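Chain and residue survey
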Amino acid sequence: MDLAEMQFRVENQDWKPMMELESILETKWLDEVIREKRIISYSQPIVTRDKEIYAYEVLSRFTREDGSMIYPNEIFSAARARGRLYALDRLCRMTAVSYSAILQKKTFINFIPTSIYSPEFCLKSTIHRANQLNINPSQFVFEVVETEQVDETFEEYFNLL
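Counting restarts for each chain, with residues numbered from 1 along the sequence as it is written. Only residues with pLDDT of at least 70 are given local features in this predicted model, and only at 80 or more are side-chain atom pairs given and counted; all residues enter the totals for whole chains, interfaces and linings. The basis for every side-chain value is the complete set of non-hydrogen atoms in the structure, without hydrogens or water.

Our focus in this paragraph is the overall build of the protein. Going along the chain from the N terminus, every DSSP run of H or I of four or more residues is numbered as a helix, and every run of E of two or more is numbered as a strand. Assigned secondary structure in the protein consists of six helices and seven strands. Written out in order from the N terminus, the α and β elements of the protein read β-β-α-α-β-β-β-α-α-β-α-β-α. Buried residues are those whose accessible area, probed at 1.4 Å on protein chains only, stays under 20% of the maximum for their type, while exposed residues exceed 50% and partly exposed ones sit between those limits. Here the protein holds 161 residues, and the buried ones make up 37% of them. Pairs of residues are marked as contacts when any of their non-hydrogen atoms sit within 4.5 Å. Sequence separation of 24 or more characterises 61% of the internal contacts of the protein that already satisfy a separation of 6 or more. Approximately 10400 Å² of the protein is accessible, and the part contributed by carbon and sulfur atoms is 51%. Reported accessibility uses the Shrake-Rupley method at a 1.4 Å probe radius. Residues are deemed covered only where the shown protein chains occlude them.

Quick look at the structure:
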């Protein structure tokens, strides 16, 4: 069989040409980042016009094994290619919730909109984590990440439930 005709797929993603397999295998490092939770949360203050801190946006950053930073575009691209976007998104949200306990203010947390399609990675687990930490879930504002394409509207999704 000709290599150009062969295909593979990762989890439930679309089939891809076998020529792309090497680039997927090169992103194996991502699995370790997720498993070892090599994530750091930073807070960006959201300030009122009176210069008072109204809330914080929690930003996630990641580190390599040697401690050097992995830029967000690199890690999210790798997660998308490897079929681990939901797992990375969940790690970010859970870490942001834990970090918000320190902030004790309204907290803005980014999430990938398609994560609600996957029950094991959905926002319900985020709220559950907040409850475990005795954090009032009304403290959170979930921001939809604009970089992800959504095939259905949220209204269509909730009508399916």
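The next thing to look at is the packing of aromatic side chains. The rule is short: rings of Phe, Tyr and Trp, with Trp giving its six-membered ring, pair when the centres are within 6.5 Å, and they are stacked under 30 degrees, edge-to-face over 60, tilted in between. Taken as a whole, this structure holds three aromatic pairs when the rule is applied. With 6.1 Å between their ring centres and 75° between their planes, F62 and F76 make a pair best called edge-to-face. Of this pair, F62 sits in strand β4 (residues 53-63) while F76 is found in helix α3 (residues 72-82), placing the two residues 14 residues apart along the sequence. Between F140 and F142, the aromatic rings sit 6.2 Å apart at their centres with planes inclined by 35°, giving tilted as the arrangement. Residue classification places F142 among the partly exposed positions, given a relative accessible area of 24%. A connected cluster of aromatic rings, assembled from ring pairs, spans F111, F140 and F142.

On to the nonpolar core, then. As used in this record, nonpolar core signifies buried Ala, Val, Leu, Ile, Met, Phe, Trp, Tyr and Cys residues forming a set joined through side-chain atoms within 4.5 Å. If you look at the biggest cluster of nonpolar residues, it comprises 14 residues, and the most contacted ones within it are F62, I75 and L88. Those elements that place two or more of their residues in this core are α2 (29-35), α3 and α4 (85-103). Top element by residues in this core is α4. It accounts for five residues. Formed by nine residues, the second largest nonpolar core is a distinct cluster that contains Y56, V97, L103 and I135.

Let's shift gears to the environment of F140. Looking at the element boundaries, F140 is found in strand β7 (residues 140-144). According to the relative accessible area criterion, F140 is buried, its value standing at 8%. Note: C-alpha distance between F140 and S100 (40 residues apart in sequence) is 8.8 Å. When residues no more than four places from it in sequence are discounted, the contact partners of F140 are V97, S100, T107, I109, A130 and I135.

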